Amino acid sequence: LRVDATSLDFGTCSRLSASEYRTVTVTNTTAAKLTCAIVVPPWADPGVTSSGVAVEVPKPVFQVFPESADVRPNSQATFKVAFRPPRDAAFYYQR
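Reading guide: rules and limits
- Residues numbered from 1 in each chain as written.
- Predicted model: local features only at pLDDT ≥ 70, side-chain atom pairs only at ≥ 80, totals over all residues.
- Heavy atoms only, no water.
- Helix = DSSP H or I, 4+ residues; strand = E, 2+ residues; numbered from the N terminus.
- Contact = heavy atoms within 4.5 Å.
- Areas by Shrake-Rupley, 256 points an atom, 1.4 Å probe, with all protein chains shown as cover.
- Pairing = 2+ DSSP bridges.
- Phe/Tyr/Trp six-rings, centres within 6.5 Å; stacked < 30°, edge-to-face > 60°.
- Lys NZ or Arg CZ within 6 Å of the ring centre and 35° of its normal.
- Core = buried A, V, L, I, M, F, W, Y, C linked by side-chain atoms within 4.5 Å.
- Buried < 20%, exposed > 50% of the residue type's maximum accessible area, 1.4 Å probe, protein only.

Chemist: Mind laying out the overall build of the protein chain, listing which residues take part and the relevant values?
Modeler: Helix and strand counts for the protein chain come out as 0 helices and 6 strands. The long-range share in the protein chain, meaning contacts at least 24 apart out of those at least 6 apart in sequence, stands at 63%. By element, 53% of the accessible surface of the protein chain is carried by carbon and sulfur atoms, the whole surface being about 6,800 Å².

Take a look at the structure:
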């Protein structure tokens, strides 16, 4: 299995609309069909109250289309990734 991107840079984005899509291409280098899915956990605001409870409920800031794809042997599937920050003027990073 080969993935063409290890990170995606969305540049400056607004909370008012989703970014332009970035693509990730997955290549199946095996002799068997694979089902691929890109799983992105919800982003949790790092700000916490004095009690240690998160200020906001985690929400999705990255969306992946399609959610999964069957990839035949020696074939490729392309996933589109969109980003929409909940706040302007902030830096977002997720692994």
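What follows picks up the thread again.
Chemist: Just give me the short version of the environment of Ala69, but keep the residues and values in it.
Modeler: Mapped onto the elements of the fold, Ala69 is located in strand β5 (residues 68–71). Remark: the alpha-carbon pair of Ala69 and Thr35, spanning 34 residues in sequence, is separated by 5.6 Å. In this structure Ala69 touches Leu34, Thr35, Cys36, Ala77 and Phe79, once residues within four positions along its chain are discounted.

Chemist: Account for the pairing of strand β6 (residues 76–83), with residues named and values stated.
Modeler: Bridge analysis of strand β2 (residues 22–27) against β6 gives 6 bridges, and the strand direction is antiparallel. Its bridge partner lying in β6, Val24 is registered against Phe79. Judged from the 4 bridges that link them, strand β4 (residues 62–65) and β6 form a sheet pairing that is antiparallel. Within β6, the position partnered with Gln63 by the bridge is Ala82.

Chemist: Before we move on, could you go through the packing of aromatic side chains and cite the residues and values that matter?
Modeler: Per the stated rule, a full pass over the model turns up 4 aromatic pairs. Ring centres of Tyr21 and Phe65 lie 5.9 Å apart, and the angle between their planes is 90°; on these two criteria the pair is classed as edge-to-face. Residue Tyr21 is located in the loop between β1 (2–3) and β2, and its partner Phe65 is located in strand β4; the two are separated by 44 residues in the primary sequence. Between Lys80 and the ring centre of Tyr21, over which it is positioned, the NZ or CZ distance is 4.7 Å.

Chemist: Hey, could you go over the sheet that holds β4 for me, with residue numbers and the actual values?
Modeler: Read across the open sheet, the 4 strands follow the order β1-β2-β6-β4; overall the sheet is antiparallel. Because the sheet does not close on itself, it has two edges, and the strands there are β1 and β4. Relative to β2, β1 runs antiparallel, the two being bridged by 2 bridges. Residue pairing for β2: Arg2 is matched across the bridge by Thr27.

Chemist: Residue-level account of the nonpolar core, with values.
Modeler: With 16 residues, the main nonpolar core has Phe10, Phe62, Phe79, Val81 and Phe83 as its most contacted residues. Mapped onto this core, the elements with two or more residues apiece are β2, β4, β5 and β6. Here the element with the most residues in this core is β6; it accounts for 4 residues. In this view, Phe83 contacts Phe10, Cys13, Ala18, Ser19, Val61, Phe62 and Tyr92; residues no more than four positions away in its chain are not counted.

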